[in-house]
Structures are given as structure tokens and as C-alpha cells.
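An overview of the molecular structure
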Amino acid sequence: MEPTRGLPDDIVRAAPKVLLHDHLDGGLRPATIVQLAAESGHALPESDPEALATWFAQAADSGSLERYLETFAHTVGVMQSASALTRVARECVEDLAADGVVYAEIRYAPELHVDGGLELEEVVAAIQQGFEEGMAAAGERIVVRHLLTAMRQAARAREIADLAIEWRDRGVVGFDIAGPEAGYPPTRFIDAFEFLQRENYHFTIHAGEGFGLPSIWEAVQWCGADRLGHGVRIVDDIKVGEDGSAELGRLASYVRDKRIPLEMCPSSNVQTGAAPSLGEHPIKLLASLRFRVTVNTDNRLMSRTSLSQEFGLLSETFGYGLREMEWLTVNAMKSAFIPYDERYRMITETIKPWYAERMDGS
Ligand SMILES: O=c1[nH]cnc2c1ncn2[C@H]1C[C@H](O)[C@@H](CO)O1
Ligand SMILES: [Zn+2]
């Protein structure tokens, strides 16, 4: 089948999709922020939901990861009670289910939600409650699990790693570090990563977004990351010749050979300056070289996006069709942190049959 430029929106939305990189505090509904802010007395830059949505998108469109991250003060600020966290988590699941997502790993930093007096465990419990309510409301058409994030500029990674292990059989499937990348190399948190490896646990590391190859190298070779959050700057280790041939350096070869998944977030990468534009996004080169590429939203509020929209943009920009969408979706499902038999079942019972029906005989 020839890829068709610009897949129809309804097809993209109906396709079963898998989301590995989405921040809970980057995906709130603007109307919910306005309501929660009124209840808690948090001052917002705009009080009308539509104006607030525009404010987030514009403020995040800064070309700098550090400035992009400043916008989270107004989402985290209204996520300081158990009821607010449960509501935000439930609405997140509802929104993803309506977008055709069948499996999602949603991440957040528990340490950012304790200003109102909650304990770390209470943060996770409130969010699990919301996820359960959302999954039930969606008739179990979607499975949602947590990734617990530790913030790079804080010093609580080891404690958050303990929390992730405590919750490993209650919905939490992995660990992550996020926040500003420059000046905060992954090895700062080596004790947390070594602990998690001893526990046979899974983790991803935001790397190669606000900083380049040394960050990716540390994440993979020192810390043992199972996946890379973004990882876009791995292209700095690939030389593309005039004739289109590509020569991979040692690190890029390693990442590709070991099938280390790249959690790519096209719109977010353009906003933070990790990619110059959508048309020049490294995903095209990396996918053509058969890296284990996946497509993600990162922060649906800040990028005014959805997983369907990200696939739609890739389809318009690069001519991706159903074949490419299936490959990217299977890549994501293979890379999830749930057990192999569950991943295998979702691929063979949910994803493959949907595409087989639509690409029959092609
Ligand atoms: O793209 C990102 N890079 C680094 N950190 C990020 C990104 N998106 C969100 N974060 C931070 C801000 C949130 O408060 C935190 C936890 O979700 O993670
Ligand atoms: Zn992220």
C-alpha cells in the first residue's frame, strides 16, 4: 500500500493507539484548571478556559526547555489535594479513551503534589483512584498505568524509586526523571537507578532533549535506561551523506542495535527547541533507519495536542499512512513496561486485527 499523504482524522482517531510518554500535569482540561484554581485560591494568568488554553500554548512555545517548564506552576499549583488529583487522573483517562488510546503510561512527579499536606503515598493512591474510575467509565477499553517521575533539580530520586517499588503491583509500572536536563546529568541519580536494577524494575530517562549526546550516553551506559524520553539528539551521532546514506556512530549504533525505544514527542520537541520544525524533526530519519521509534504527546495542554493529532501531523508532514502508523504503534506496545504476555495479547488481539481489517490484501 502506498502511504497516503494526510490520513483522515476519523481513521486516525479510531485506530488503537499506545501512549508511553504523557505527563499528568501537562494534560489537564483548561476548564478544570479554572475550577480547581477557584476552589483552592490559586491565581491564574487567565480566568477564561479558552484564553487559558492559548496562554499555555504560547508560553510553552518558547524555544527553551527551562521556560517551557515554567508553565507547569499553574497545573501543579491546582493539583494539591486528593480530590483534585483524582479528578485530573479520571479526566485524563476519559480524554485518552475518547482519542482511541488503548494503553497509556502516564507520568507525574509525586514530590510536586505535597504542598497541600498530602503524603507521597496519598498522591499515588488518589491518582490510582482516578485512573480506576476513568477506566471503568470507558468500559475498560483503555488500560492506564503510572510512571513515577523524580525531578532532576530536587534530591528525592531514591525516595521516589522506593515509592515506585512499593506500588509495583498496584498500577505503577516504571520510574523516570524529568525537569531541566542541562546541568543535571542522569548519573546524579545513579543510586536510584542501581537500586531499581537490583529490583528488576523498569525505568525511562528524559535524555537528549535539552542536552545532547553525553546525556544519552550516561542514561544508557551508566544508568541502564530501558527507554529514552525524547532521545532526539541521537541524530548528532549520525552522519548523513549528500547521497542520503547514513553513517551511525558507536552510541547511535548501540541504541539501534539494542532496540532501545525512543519516546518521541514531535510538537513538544519543536516548542522546546529540541527540533527546529516538524518538517525537520529527526523522527523521519530515525524511523527510516529503523530505530525503535514511538510517537507520544508529552504535554497535551502545553502543545494543544492529542496522540491522534501527533499522528495526523506526521501523516501530513511525511506522508505516513496506516502501515507506518501500525509500525509505530506496535513499537510502542513492544516497549511498554507491562509484562510480555500482556503486551503480546494487546498486539495480537487489539492492534494487529484493526490494521489487518483495513489493509487487507495490500
Ligand atoms: O519534556 C519534558 N522534559 C523535561 N521535563 C518535563 C517535560 N515535560 C514535563 N516535564 C516535567 C514538568 C512536570 O512538572 C514534571 C512531572 O510530570 O515533568
Ligand atoms: Zn516529558
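Sequence positions are assigned chain by chain, starting from 1 and proceeding in written order. Numbering of ligands from 1 and lettering of chains from A proceed in the order in which they are written. Reporting of local features is limited, given that this is a predicted model, to residues whose pLDDT is at least 70; pairs of side-chain atoms are given and counted only at 80 or more, and all residues count toward the totals for whole chains, interfaces and linings. The basis for every side-chain value is the complete set of heavy atoms in the structure, and neither hydrogens nor water enter the calculation.

Below, the discussion takes up the coordination of the zinc ion (ligand 2). Atoms are scored as donors when they are N, O or S and lie within 2.8 Å of the metal, with 3.2 Å used for Na, K and Ca; no water is included, so coordination may look incomplete. Within the protein, the atoms that donate to the zinc ion (ligand 2) are H21 (NE2), H23 (NE2), H206 (NE2) and D298 (OD), at distances of 2.1 to 2.2 Å. In this structure, the zinc ion (ligand 2) is coordinated by four donor atoms arranged in irregular fashion, with angles at the metal of 83 to 168 degrees. Donor residues for the zinc ion (ligand 2) sit on one chain with the sequence pattern H-x1-H-x182-H-x91-D. Of the two residues, H21 is situated in strand β1 (residues 17-23) and D298 in the loop between β10 (293-295) and α14 (307-318); the sequence distance between them amounts to 277 residues. Every geometry call rests on angle ranges, with four donors termed tetrahedral when all angles are between 85 and 135 degrees, four termed square planar and six termed octahedral when opposite donors are over 155 degrees apart and all others are between 65 and 115, and everything else termed irregular. Secondary structure counts use DSSP, requiring at least four H or I residues in a row for a helix and at least two E residues in a row for a strand, with both numbered from the N terminus.

Attention now goes to helix α6 (residues 82-98). End to end, α6 covers 24 Å across 17 residues, agreeing with the expected 24 Å (1.5 Å per residue, within 8%). When a residue's accessible area, from a 1.4 Å probe over protein chains only, is under 20% of the maximum for its type it is buried; when over 50% it is exposed; and in between it is partly exposed. Within α6, the full set of buried residues consists of A84, L85, T86, R87, V88, A89, E91, C92, V93, L96 and A97. Phi turns positive one or two residues past the end of α6, at G100, with a value near 85 degrees. For a helix, the expected span equals 1.5 Å multiplied by the number of residues minus one.

Here a residue counts as near a molecule or strand whenever at least one of its heavy atoms sits within 4 Å of it. Residues in contact with ligand 1 amount to 16 residues; listed here are only the nearest, H23, D25, G179, E209 and D298. Here a nitrogen atom of ligand 1 and a backbone polar atom of G179 are 2.9 Å apart. One of the side-chain nitrogen or oxygen atoms of D298 is found 2.8 Å away from an oxygen atom of ligand 1. Each accessible area is a Shrake-Rupley estimate made with a 1.4 Å probe; only the visible protein chains count as cover when residues are assessed. Here ligand 1, which alone exposes 400 Å², has 98% of that area covered by the protein. Note on residue categories: nonpolar means Ala, Val, Leu, Ile, Met, Phe, Trp, Tyr, Cys or Pro, charged means Asp, Glu, Lys or Arg, and polar means any other residue, Gly included. Of the residues assigned to the shell around ligand 1, the class counts are eight nonpolar, five polar and three charged. Under this definition, polar contacts are N or O atom pairs within 3.5 Å; protein pairs additionally need one hydrogen-donor-capable and one acceptor-capable atom, and for neighbouring residues in sequence, both atoms have to be side-chain atoms.

Positionally, M135 belongs in helix α7 (residues 120-137). Look past the residues within four positions of M135 in its chain and what remains in contact with it is V93, E140, I142, V143, V144 and R145. Contacts are residue-level and defined by heavy atoms, with any inter-residue pair within 4.5 Å sufficient.

Ordered by their spatial adjacency, four strands build an open sheet running β1-β2-β3-β4, and the pairing between neighbours is parallel. Here the strands that pair on one side only, and so sit at the sheet edges, are β1 and β4 (172-178). Pairwise comparison of adjacent strand axes, ignoring direction, gives a mean angle of 25 degrees for this sheet. By the bridge criterion, six bridges tie strand β2 (residues 101-108) to strand β3 (residues 143-151) in an arrangement that is parallel. Note that in β3 the partner of I106 across the bridge is H146. Strands β3 and β4 of the sheet are contacted by helix α8 (residues 157-166), whose axis makes an angle of about 160 degrees with β3. Packed on one face of the sheet, helix α15 (residues 322-335) meets β1 and β2 and runs near 60 degrees to β1. Here, strands pair whenever DSSP counts at least two bridges between them. Between N-to-C directions, angles span 0 to 180 degrees; the directions come from axes that are lines fitted to C-alpha atoms, helices contributing only their stretch in contact.

Formed by 116 residues in total, the largest nonpolar core has its most connected members in L24, F175 and F291. If you tally residues by element for this core, the top one is α6, at eight residues. Sequence-distant contacts of F175, defined by excluding residues within four places in its chain, comprise L148, A150, A157, I160, A161, A192, F193, L196, Y201, H202, F203 and T204. What is meant by a nonpolar core is a set of buried Ala, Val, Leu, Ile, Met, Phe, Trp, Tyr and Cys residues, joined one to another through side-chain atoms within 4.5 Å.

A word on the sheet that holds strand β6 (residues 227-230). Pairing in this open sheet of four strands is parallel, and the strands run β5-β6-β9-β10 from one edge to the other. Each having just a single partner strand, β5 (204-207) and β10 make up the two edges of the open sheet. Taken pair by pair, the neighbouring strands of this sheet meet at an average axis angle of 30 degrees, ignoring direction. Where strand β9 (residues 262-264) lies against β10, three bridges are found, and the strand directions are parallel. Within the sheet, the bridge partner assigned to M264 lies in β10 and is V295. In the packing of α15 onto the sheet, contacts are made with β6 and β10, and the angle to β10 comes to roughly 100 degrees.

A separate point is a negative patch on the surface. The residues that make up patches have over 30% relative accessible area and no salt bridge, and they are joined within 9 Å when like-charged or within 5 Å when they are Val, Leu, Ile, Met, Phe, Trp or Tyr. Definition used for salt bridges: Asp or Glu carboxyl oxygen within 4 Å of a side-chain nitrogen of Lys or Arg. For the purpose of counting charges, residues Lys and Arg are taken to be positive, whereas Asp and Glu are taken to be negative. His and the chain ends are not included. A single reference atom marks each charge: NZ on Lys, CZ on Arg, CG on Asp, CD on Glu. Together, E119, E121, E122 and E166 make up a negatively charged patch on the protein surface. Checked against the element boundaries, E121 lands in helix α7.

All right, on to the pairing of β6 then. Here β5 pairs with β6 via four bridges, running parallel. Bridging from a neighbouring strand, H206 pairs with G229 of β6. By convention a crossover is right-handed if, when the strands point away from the viewer, the path from the first strand over the helix to the second runs clockwise. This β-α-β element, β5 to helix α10 (residues 213-222) to β6, shows right-handed connectivity. Bridging between β6 and β9 involves two bridges; their strand directions are parallel. Pairing of G229 across the sheet is with E263, part of β9.

Following the UniProt record, one finds the feature "binding site: substrate" (unreviewed entry) at H23, D25 and G179. Their sequence span is 157 residues, while the largest C-alpha to C-alpha distance among them is just 12.7 Å; these annotated residues converge on one region. The annotated residues that sit in the lining of the largest pocket are H23, D25 and G179. Within the fold, H23 resides in strand β1. Residue H23 is classed as buried on the basis of its relative accessible area of 9%. Not counting residues up to four positions away in its chain, the partners in contact with H23 are R107, A178, H206, D298 and N299. Side chain to side chain, H23 and H206 meet in a polar contact 3.3 Å long. Here G179 shows up in the loop between β4 and α9 (190-198). Not counting chain neighbours up to four residues away, the residues in contact with G179 comprise L65, L69, M151, R152 and Q153. UniProt positions are given in the numbering used here, feature names are shortened, and annotations may be inferred rather than shown by experiment. With a 1 Å grid spanning the protein atoms alone, the term cavity applies to any set of points in which a 1.4 Å probe fits but cannot get out, the term pocket to an open set with protein on both sides within 12 Å along at least five of seven lines, and the term lining residue to any residue with an atom within 4 Å of a point.

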